[in-house]
Amino acid sequence: MPETDSRQLIAADLRALITRIESSMRLIDAAMLEAGLSEMGLAHDDNGDPAGSADIFVLDDVTPRYATASAALNACRAGLGHALQCLTESGSPA
């Protein structure tokens, strides 16, 4: 059944994309956490010493970009999940 095979291949590809998006979202979350710790002066250098000085404050303009990217990836993940659901409802399970 070529249609079933095609549907299974598409479903597998959608699942792989969802997995990759979730991985990217975890990386963004980690970067946002690191940026937040750095902004609060809680980040440490490679030696375990606090990075920078308590007298120096850096305003982080990167976090909003991370949040925007995360929201976009979340929307993509939702769309791919919906596409996968539609595909599997259209016939035999993928």
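Right above here is the structure, for reference.
Residues numbered from 1 in each chain as written. Predicted model: local features only at pLDDT ≥ 70, side-chain atom pairs only at ≥ 80, totals over all residues. Heavy atoms only, no water.

For the protein chain, the helix and strand inventory stands at two helices and zero strands. Pairs at least 24 apart in sequence give 80% of the contacts found in the protein chain among residues at least 6 apart. Carbon and sulfur atoms make up 62% of the accessible area of the protein chain, which totals about 6800 Å². (Helix = DSSP H or I, 4+ residues; strand = E, 2+ residues; numbered from the N terminus. Contact = heavy atoms within 4.5 Å. Areas by Shrake-Rupley, 256 points an atom, 1.4 Å probe, with all protein chains shown as cover.)

With that out of the way, let us pick up the nonpolar core. Residues Ala-11, Leu-14, Ile-18, Ile-21, Met-25, Leu-80, Leu-84 and Leu-87 constitute the largest nonpolar core, which totals eight residues. Looking at this core, the elements with two or more residues in it are helix 1 (2–39) and helix 2 (63–89). In terms of residues, this core owes the most to one element, helix 1, which gives five residues. In contact with Ile-18, other than residues within four places in its own chain, are Arg-77, Leu-80, Gly-81 and Leu-84. (Core = buried A, V, L, I, M, F, W, Y, C linked by side-chain atoms within 4.5 Å. Buried < 20%, exposed > 50% of the residue type's maximum accessible area, 1.4 Å probe, protein only.)

On to the environment of Leu-84. Along the chain, Leu-84 falls in helix 2. In this structure the C-alpha to C-alpha distance between Leu-84 and Ile-10, which are 74 residues apart in sequence, comes to 8.4 Å. Each residue touching Leu-84, except ones within four places of it in the same chain, is listed here: Ala-11, Leu-14, Arg-15 and Ile-18.

For helix 2, spanning 27 residues, the distance from its first C-alpha to its last is 39 Å, which sits close to the expected 39 Å at 1.5 Å a residue. Along helix 2, the residues classified as buried are Ser-70, Leu-80, Leu-84 and Leu-87. (Expected span 1.5 Å × (residues − 1).)

Along the chain, Ala-69 falls in helix 2. Here Ala-69 falls in the partly exposed class, since its relative accessible area comes to 30%. In the structure, Ala-69 is positioned 45 residues away from Ser-24 in sequence and 9.6 Å away in space, judged by C-alpha atoms.

This brings us to the environment of Ala-72. Here Ala-72 is to be found in helix 2. Sequence-wise, Ala-72 and Met-25 are 47 residues apart; in three dimensions their C-alpha atoms are separated by 9.8 Å.

So yeah, pure geometry; function would need other evidence.
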